[in-house]
Amino acid sequence: MVTKRKHDDSPPSDASRAAPVNGTTSTSPQTARVVENYPRKRIAIACNVCRFRKTRCDAQKPSCSFCTDLGIECTYRKPTIGDRGKTVDPPSEALENMERRLSEVESRLEATEHRVQVQNAVVVSPNASHRSKMLPPQESPPSRRSSVNRLAVDCITSVNSASNGSVETPVTYDLAYRQTATESQTARPSLLTFRAPPYICVESWDFTREFYDDEILAGEHLSDQLVTLLDQPVDLSRRTTRRLQQSFVENFLRWTPIFDQQTCVSAVESATTHSFVGFSPSTCLTFFLLAMGAITEDKGNHAKNTLPGLDYFARGCQILERLSLRTGNLMTLQCRVLQASYFKFAIRPMQTWNSITQAARDCMHICSSRMRDHMSPAEQEAFNRAFWATSTIVHELQATMKMFPVGIRQFHDMVPLPQFEEEDSGFYYFLAQISLRKFLTQSLEVVGYNSGRVIHAPVVTRELRKQVREWYDHLPAVVRFPLDATPVFDSRKSFLRGQYIALFVVLGWPSVLKIMEHGTDKGAPFDQTVIAVMKEQAAGCIRGCCLFLSVADEQLMDRTMGTHFSMWAAFAMFATLIITFNCPALSFVEETKEEYHIRNAYELLRPWDHHPLIRRGLDQARILMQQIGLSDGTANYPVTPSNIVIPELAQLGWYSPQSQNGPKT
């Protein structure tokens, strides 16, 4: 339906009313002023390729001169309100003609909408933020970092700031599901869903309802446990609280430094002074950090009925419920982050989502208000850390569970990155995690999926892969990881490595689907240059799956902050290898003919089958394995070699076999 444009309420003059549509211009002052102010004709929308290259585009249709010369597909994004400046309303006759022509164009667009959605790729940088136009940017407070720290942080975030201009940012913000059971058409396989297209000979599955049924029942059972534990005594001895504080600092703050160690000590001392009685934010924070310390130090049976530290957690939740109306209290916000982190550590994704979205809403409320203007520098820094900790958890759940975006990305440009004075690898990891998580989540929207459809954009994918490699090249040594399967014995480095590899898998998956659908012979609807790029990206995707599964055991041997993401990613890559196993169109990738990667993945996930989600996924995997002629037996099979590496990294000099610690220098 065409939106009617607003007109001047005043009646038109006689001269303007009498002016013919195609006649000469009236000499009346009003009509002359309208013609004089009418905007010049200019190219408002360049094609996606020229917009990506930042070069002049002649905007010819259906293909501009540059795309025609190269023989590549030329596509245009839909014009938006922001593409033109505000102008004086043209005469009513001109408006009528414009309305008529727009109606004709819109009717044509509606008739071909299904074809355009498949062909056109939404071009957006994973580093570009989605700042709200209603909220002005706020300058960062003066940095308190040393020159050495400043250089390291600038290196980590340089890709985000340097490459924003390389790919255009859309004006609108997509608030649709990533992939739901009804929208998904050719999605990547996941623990929840996979709707196989006709050219993939495997059964589809959809466990979304079962997943939420399990999570809702688990939440009710957990609620009953919390009520029972509130009536039981809890160990608050000095020896126990000190031990749990140490575990909290080592196993949580080194991953997510939402506050410094002194804040931790002060909160515990304040709660101890008041005998852990009352409903103050500091007492609430103390119970949550003790709960996190208990669950992070536990290395026992993960399938046991009661979670470690649940007695402390119950008391923290009770106090947090009393503090729920204190939206602007920073310590309350920190408590919400700890509550969500406990659920995440316990592999309770739905409860994690419920907690972290409340924290995200509080962050957005604070950003939308004037509260930050009245904060001290220390309070602003505390808010910045809580904001980015919230954002990373939200991004992880959106990438795995395909949940609704909550809008926190709209505020990324408003909130400065965390700052620090001391040399601590935890802060380097935190900053690296922030930037990499933005890459991973937003890449799904660029060349991953849009409204349930796979987006195939090899040119954009190549640029994104280049940006990811630049991110790795600028990593400080304290958080740099090897690019092969060499053990690192550092859970944070191994988690970064897993996400880094997952990026190449996500970016290459659309090429895998295109090759499986059309092949690479002369009958394929692509020229040889595009086919070569597709084969390179498809090979990187499949080899990336093998590499990820060979290093994922570092996150899946015990509970860590990265276990939840690693479980979802491991199954997705496990299923990807099954789907592509012995595929004739992918015969140029040797890994598609090797079964031990698939068997390794099955054994990797089997210790976690006490989770209904994993158990259901493994049941589906066994069906798929039988369909391709593989059993789920545990007979001896080769150990995954440690020299697997994505070939393109080696070819471009980003990996040196003589150095297992990073790129060549």
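Every value quoted in this text rests on a predicted model; they were computed, and no experiment measured them.

As for the overall build of the protein
Part 1 of the argument: Within the protein one finds 24 helices and four strands.
Part 2 of the argument: Here the protein holds 665 residues, and 54% of them are scored as buried.
Part 3 of the argument: Across the protein, contacts joining residues at least 24 apart in sequence account for 75% of those joining residues at least 6 apart.
Part 4 of the argument: Approximately 30,900 Å² of the protein is accessible, and the part contributed by carbon and sulfur atoms is 52%.

Observations regarding the packing of helix α10 (residues 261-273) against helix α11 (residues 281-297)
Part 1 of the argument: Remark: α10 packs on α11, axes separated minimally by 8 Å, with the N-to-C direction vectors making an angle of 115°. The angle between α10 and α11 falls in the class roughly perpendicular. In terms of crossing hand, the pair formed by α10 and α11 is left-handed. Taking contact as the criterion, the partners of Cys264, Ala267, Val268, Ser270 and Ala271 in α10 are, on α11, Ser282, Thr283, Leu285, Thr286 and Leu289.
Part 2 of the argument: Residues belonging to the contact of α10 with α11 are distributed by class as follows: six nonpolar, four polar and no charged.

Remarks on the pattern of salt bridges
Part 1 of the argument: Summed over the entire model, instances satisfying the criterion amount to 12 salt bridges.
Part 2 of the argument: A salt bridge links Glu603 to Arg606, with the nearest nitrogen and oxygen atoms 3.0 Å apart.
Part 3 of the argument: Take Glu603: its relative accessible area is 22%, and that puts it in the partly exposed class.

Notes on the state of the cysteines
Part 1 of the argument: One pass over the full model with this rule turns up zero disulfides.
Part 2 of the argument: Looking at the unpaired Cys64, the closest cysteine sulfur is the one in Cys67, lying at 3.6 Å.
Part 3 of the argument: Assessed through its relative accessible area of 1%, Cys64 is described here as buried.
Part 4 of the argument: Cysteine Cys541 is unpaired, with the sulfur of Cys545 as its nearest cysteine sulfur at 4.7 Å.

Concerning the environment of Asp231
Part 1 of the argument: Its place among the elements puts Asp231 in the loop between α8 (208-230) and α9 (238-253).
Part 2 of the argument: When the C-alpha atoms of Asp231 and Asp311 are compared, they prove to be 9.6 Å apart, with 80 residues separating the residues in sequence.

What about the packing of aromatic side chains?
For any pair of aromatic rings, the description rests on two quantities: the centre-to-centre distance and the angle between the ring planes.
Part 1 of the argument: Inspection of every chain in the model, using the stated rule, returns 22 aromatic pairs.
Part 2 of the argument: Between the aromatic rings of Phe248 and Phe259, the centroid separation amounts to 6.0 Å while the plane-to-plane angle is 25°, which identifies the pairing as stacked. Here Phe248 is found in helix α9, whereas its partner Phe259 is found in the loop between α9 and α10, with 11 residues between them in sequence. Take Phe248 and Phe259: they sit in the same class, and that class is buried.
Part 3 of the argument: Relative to Tyr429, the ring of Trp255 has its centre 5.4 Å away and its plane inclined at 75°; by these criteria the two rings are edge-to-face. Taken together, the residues Trp255 in the loop between α9 and α10 and Tyr429 in helix α16 (residues 425-448) connect sequence positions 174 residues apart. Here Trp255 and Tyr429 have matching classes, each one buried.
Part 4 of the argument: An aromatic cluster of three or more residues is present, and its members are Trp471, Tyr472, Phe481, Tyr500 and Phe504.
Part 5 of the argument: A cation over an aromatic ring shows up here: Lys61 above the ring of Tyr76, its NZ or CZ 4.5 Å from the ring centre.

So, unusual backbone geometry
Part 1 of the argument: For the bond from Lys61 to Pro62, the omega torsion is 5°, close enough to zero to count as cis.
Part 2 of the argument: Summarising the element assignment, Pro62 is placed in the loop between α3 (48-53) and α4 (65-70).
Part 3 of the argument: Positive phi is not limited to glycine here, since Ala59 has a value of about 60°.
Part 4 of the argument: Checked against the element boundaries, Ala59 lands in the loop between α3 and α4.
Part 5 of the argument: Despite not being glycine, Asn582 has its phi angle at roughly 55°, a positive value.
Part 6 of the argument: With respect to the element layout, Asn582 can be found in the loop between α21 (563-580) and α22 (596-605).

Regarding the packing of α8 against helix α12 (residues 310-322)
Part 1 of the argument: For the pair α8 and α12, the least separation of the axes is 9 Å and the interaxial angle reads 95°. As judged from the angle between their axes, α8 and α12 are roughly perpendicular. Between α8 and α12, the contacting residues are Leu222, Gln225, Leu226, Leu229 and Leu230 on the first element and Leu310, Asp311, Phe313, Ala314, Arg315 and Gln318 on the second.
Part 2 of the argument: Considered class by class, the residues forming the contact of α8 with α12 number seven nonpolar, two polar and two charged.

Comments concerning empty space enclosed by the protein
Part 1 of the argument: Evaluated as defined, the whole model comprises five cavities of 30 Å³ or more.
Part 2 of the argument: Approximately 150 Å³ is the volume attributed to the second largest cavity.
Part 3 of the argument: Taken together, 13 residues make up the lining of the second largest cavity; nearest its centre are Thr256, Lys344, Thr392, Gln433 and Met561.
Part 4 of the argument: Those elements that place two or more of their residues in the lining of the second largest cavity are α15 (377-401) and α16.
Part 5 of the argument: Its residues placed into classes, the lining of the second largest cavity shows seven nonpolar, three polar and three charged.

Observations regarding the UniProt feature "domain: Zn(2)-C6 fungal-type" (unreviewed entry) in the protein
Part 1 of the argument: Under the UniProt annotation, "domain: Zn(2)-C6 fungal-type" (unreviewed entry) lies at residues 46-76.
Part 2 of the argument: Within the segment residues 46-76, helix and strand shares are 39% and 0% respectively, and the terminal C-alpha atoms sit 7 Å apart.

How each quantity is defined
- Residues numbered from 1 in each chain as written.
- Predicted model: local features only at pLDDT ≥ 70, side-chain atom pairs only at ≥ 80, totals over all residues.
- Heavy atoms only, no water.
- Helix = DSSP H or I, 4+ residues; strand = E, 2+ residues; numbered from the N terminus.
- Buried < 20%, exposed > 50% of the residue type's maximum accessible area, 1.4 Å probe, protein only.
- Contact = heavy atoms within 4.5 Å.
- Areas by Shrake-Rupley, 256 points an atom, 1.4 Å probe, with all protein chains shown as cover.
- Axes fitted to C-alpha atoms, helices over the stretch in contact; angles between N-to-C directions.
- Parallel < 35°, antiparallel > 145°, perpendicular 65-115°, else oblique.
- Left-handed = near helix turned anticlockwise from the far one by under 90°.
- Nonpolar A, V, L, I, M, F, W, Y, C, P; charged D, E, K, R; others polar.
- Salt bridge = Lys/Arg side-chain N within 4 Å of Asp/Glu carboxyl O.
- Disulfide = S-S within 2.5 Å.
- Phe/Tyr/Trp six-rings, centres within 6.5 Å; stacked < 30°, edge-to-face > 60°.
- Lys NZ or Arg CZ within 6 Å of the ring centre and 35° of its normal.
- 1 Å grid on protein atoms, 1.4 Å probe; cavity = no way out; pocket = protein on both sides within 12 Å on 5 of 7 lines; lining within 4 Å.
- Points joined across faces, edges and corners; volume = space filled by probe spheres on them.
- UniProt positions renumbered as here; feature names shortened; annotations may be inferred.

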